[in-house]
Amino acid sequence: MTPRVLCHVNHYFGRSRGFVGGSTRGKEDQRRKTVSRCVKALRELPGADVDLRVCGVGDNSLLPLDTSYDQLDDPTQLVYESLYDMASRVDEYDYFINVEDDVLVPPETWLNVLDFDEGSLVNEILHPNRMEVDDTGFRYCVDLYGNPMWTHQKKTYRGQTIQVAVTPHSGILIMSQAKLRYALSQIDRSFRGIVFAKGMESALAHFHAPFSLYRTVDDIEFHHVDHLDRWKHSPRVVHRDNPYRTFHDASLSATDLVPPFVGKMYRSLKRLVARARS
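For clarity, every value in this text was computed on a predicted model and none was experimentally measured.

Asker: Requested: an account of the sheet that holds strand β9 (residues 150–157), with residues and values cited.
Answerer: Strands sit in the order β6-β12-β10-β9 across an open sheet of four strands; the sheet is mixed. With partners counted over all chains shown, the strands left at the sheet margins are β6 (124–126) and β9, one partner each. Averaged over all pairs of adjacent strands, the angle between strand axes in this sheet comes to 35°, irrespective of strand direction. Note that β9 and strand β10 (residues 160–165) share five bridges and pair antiparallel. In the sheet register, Y157 faces β10, and the bridge partner there is Q160. Helix α4 (residues 107–119) contacts β6, β9, β10 and β12 (212–216) of the sheet and is inclined by roughly 155° relative to β6.

Below, the structure written as structure tokens:
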């Protein structure tokens, strides 16, 4: 049976007091092409009957909006609004996708979710790695770059090691009806606060909180989405041999994690103290 899918694409373009990124400072033509490409990929998910809605706030958009939450004074609350709106229709669809407007979902990722859900527990999700490309063309998971820590929870899926990372963020939520029902039975439906980063990331993290979010470890592209924009803290060039450096890496010292300007300030202060003592 063809699954009916409700997809909310959270789209915003314009100034915001709550965040800075491609949606607030990018070039209009480039951003419009990015969002259009992501929307097209979602409409064409294989074997799915997709009801896609571009969700936004007022006139702050580059594509026509299907749903506008004009009551929002803070656009960082957009994802909370669209998630709760989606959840109000849990009885009407088989699957639910809530996604940032610059995240491209490959067809293989959608098919992986369907396959994984056939044998998974209701509180388990196969969570995609959100990939970016640095200036040299090297592909890496930006969320693992930002927080490369893993929990001890792991298992095997289709020959792949899958493990739960500390970071819950990938810019997307994909849940079956059963899993969305489970989420709604566990979370505070009135909550709109900050639990991870800012409002947009927090909304997705809040809905994902009851789940074990498994990511592929050895082959990070086995199950992934593409971030067509870049995180504002992404490096221009990632260290290819060790893109996810942590304290567990024996070759890493604490000074490697200190930003250069902090080290420079510390050395200058140390010299001033030495002069004062002399």
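Asker: I'd love a proper account of unusual backbone geometry, names of residues and values included.
Answerer: Phi at R158 is positive, roughly 50°, even though this residue is not glycine. Within the chain, A197 stands out as a residue other than glycine whose phi angle is a positive 55°. Relative to the elements of secondary structure, A197 occurs in the loop between α6 (177–186) and α7 (199–208). Assessed through its relative accessible area of 52%, A197 is described here as exposed.

Asker: So what's going on with the side chain of Q163? Which residues, and what values?
Answerer: Structurally, Q163 is set in strand β10. For Q163, the side chain forms a polar contact with the main-chain oxygen of T151, separated by 2.6 Å. Not counting the four nearest positions on each side in its chain, Q163 is found in contact with W150, T151, H152, Q153, K154, L213, Y214, R215 and V217.

Asker: Can you tell me about helix α3 (residues 78–87), naming the residues and giving the values?
Answerer: For α3, the buried fraction is high: nine of the 10 residues fall into the buried class. Residues of α3 that are buried: L78, V79, Y80, E81, S82, L83, Y84, M86 and A87. Residues of α3 that are buried make contact with β1 (4–10), β2 (49–56), β4 (95–100), β11 (172–176), α6 and α7.

Asker: Outline the sheet that holds β1, supporting the account with residue identities and numerical values.
Answerer: One open sheet holds the five strands; their spatial order is β3-β2-β1-β4-β11, and the pairing between them is mixed. With one partner strand each, in any of the chains shown, β3 (67–68) and β11 form the two edges of the open sheet. Two elements, β1 and β4, share six bridges in a ladder whose sense is parallel. For N10, the partnering residue across the bridge sits in β4 and is E100.

Asker: Before we move on, could you go through the side chain of E201 and cite the residues and values that matter?
Answerer: Here E201 is to be found in helix α7. Buried charged residue E201 carries no salt bridge. Nearest counter-charge: R130, at 6.7 Å. Excluding anything up to four places from it in sequence, E201 contacts H169 and F196.

Asker: Hey, could you go over the packing of aromatic side chains for me, with residue numbers and the actual values?
Answerer: What describes a pair of aromatic rings is the distance from one ring centre to the other and the angle between the planes of the rings. Going through the model one piece at a time under the given rule, you end up with nine aromatic pairs. Centroid distance Y80 to Y84: 6.2 Å. Interplanar angle 10°. Geometry classified as stacked. Of the two residues, Y80 and Y84 both sit in helix α3, four residues apart, roughly one turn of that helix. When its relative accessible area of 0% is taken as the criterion, Y80 is described as buried.

Asker: Account for a nonpolar patch on the surface, with residues named and values stated.
Answerer: A cluster of nonpolar side chains, contributed by L269, L272 and V273, occupies part of the molecular surface with about 270 Å² of accessible area. The residue L269 is located in helix α8 (residues 260–277) in this model.

Asker: Go over the confidence of the model for the protein with me, naming the residues and quoting the values.
Answerer: Per-residue pLDDT for the protein has a mean of 89; in total, 87% of the residues score no lower than 70. Counted against residues more than four places away or in other chains, residues 246–260, with its pLDDT under 50, gives 13 contacts.

Asker: Pulling in residues and values, what's your account of the pattern of salt bridges?
Answerer: Scanning all chains against the criterion turns up 19 salt bridges. D229 is the partner of R31 in a salt bridge, and the nearest nitrogen-oxygen pair spans 3.2 Å. Here D229 lies in the loop between β13 (224–227) and α8 and R31 lies in helix α2 (residues 28–43), a separation of 198 residues in the sequence. Judged by its relative accessible area of 6%, R31 is buried. What makes D229 partly exposed here is its relative accessible area of 22%. In this structure, the salt-bridge partner of R130 is D143, at a minimum N-O distance of 2.7 Å. Linking R130 in strand β7 (residues 129–133) with D143 in helix α5 (residues 142–146), this pair joins segments that are 13 residues apart in sequence. The two residues R130 and D143 agree in class, both being buried. Overlapping salt bridges bring together R31, D101, D102 and D229 as one network.

Conventions used here
Sequence positions are assigned chain by chain, starting from 1 and proceeding in written order. In keeping with the predicted nature of the model, local features appear solely for residues at pLDDT of at least 70, side-chain atom pairs appear and are counted solely at 80 or more, and the whole-chain, interface and lining totals rest on all residues. Heavy atoms from the whole structure form the basis of all side-chain values; hydrogens and water molecules are not counted. Note on pairing: two strands pair once DSSP finds at least 2 bridges between them. Helical segments are the DSSP runs of H or I of at least four residues, strand segments are the runs of E of at least two, and each set is numbered from the N terminus. Axis lines are fitted to C-alpha atoms, over the contacting stretch for helices. Their N-to-C directions set the angle, which ranges from 0 to 180 degrees. Pairs of residues are marked as contacts when any of their non-hydrogen atoms sit within 4.5 Å. Burial classes: relative accessible area under 20% of the type maximum marks a residue as buried, over 50% as exposed, and values in between as partly exposed (1.4 Å probe, protein chains only). Contacts described as polar in this section are N or O atom pairs within 3.5 Å, which, within protein, must combine one atom able to donate a hydrogen with one able to accept it, while residues neighboring in sequence count only if both atoms come from side chains. His is not counted, nor are the chain ends; Lys and Arg add positive charge and Asp and Glu add negative charge. Criterion for a salt bridge: a side-chain nitrogen of Lys or Arg within 4 Å of a carboxyl oxygen of Asp or Glu. Planes of paired rings set the category: under 30 degrees apart is stacked, over 60 is edge-to-face and the rest tilted, where pairs are Phe, Tyr or Trp rings (Trp by its six-membered ring) whose centres lie within 6.5 Å. Patches here: salt-bridge-free residues with over 30% relative accessible area, like charges joined within 9 Å, nonpolar side chains (Val, Leu, Ile, Met, Phe, Trp, Tyr) joined within 5 Å. Methods summary: accessible areas were calculated by the Shrake-Rupley approach with a probe of 1.4 Å, and residue burial reflects only the protein chains presented. On a range of 0 to 100, pLDDT expresses the predictor's confidence in each residue.

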